[in-house]
Amino acid sequence: MYLHLGQDTIIPFSSIIGIFDLEITSQSKITRDFLANEEKAKHVINVSEELPRSFVVCRERQKTRVYISQISSSTLKRRLKSNLLENK
């Protein structure tokens, strides 16, 4: 199963580590440092053409990937939950 992040980008459920609200979590220095380090390592993929609202941390092929999305974290979580319930 896959989660649509916007702009024709989908990721497998199995790779998702966490879905985070960008505005709330970026208030933390630890989160800002994490995102800055991932950006420097070229692990950040921006799939947002509008104001980014969330980020999704994934583990793909033994590497961390961070997807920046214009879709809210609550909507992404709802999609994830809905798909999991439908496929039980």
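Residues numbered from 1 in each chain as written. Predicted model: local features only at pLDDT ≥ 70, side-chain atom pairs only at ≥ 80, totals over all residues. Heavy atoms only, no water.

**Q** Go over the environment of R53, please, and point to the residues and values.
**A** Counting through the fold element by element, R53 comes out in the loop between β4 (44-46) and β5 (54-60). When the C-alpha positions of R53 and Q70 are compared, they lie 4.9 Å apart, and in sequence the two are 17 residues distant. If we ignore the near neighbours within four places in the chain, the residues touching R53 are F20, D21, L22, S69, Q70, I71 and S72. (Helix = DSSP H or I, 4+ residues; strand = E, 2+ residues; numbered from the N terminus. Contact = heavy atoms within 4.5 Å.)

**Q** I'd like a description of unusual backbone geometry, backed by residues and values.
**A** We note that R61 has phi near 50°; this positive angle belongs to a residue other than glycine. Among the structural elements, R61 can be located in the loop between β5 and β6 (63-69). On the accessibility criterion, R61 (79% relative accessible area) is exposed. The phi angle at Q62 is positive, at roughly 65°, despite the residue not being glycine. Summarising the element assignment, Q62 is placed in the loop between β5 and β6. (Buried < 20%, exposed > 50% of the residue type's maximum accessible area, 1.4 Å probe, protein only.)

All we've got here are geometric facts, nothing functional implied.
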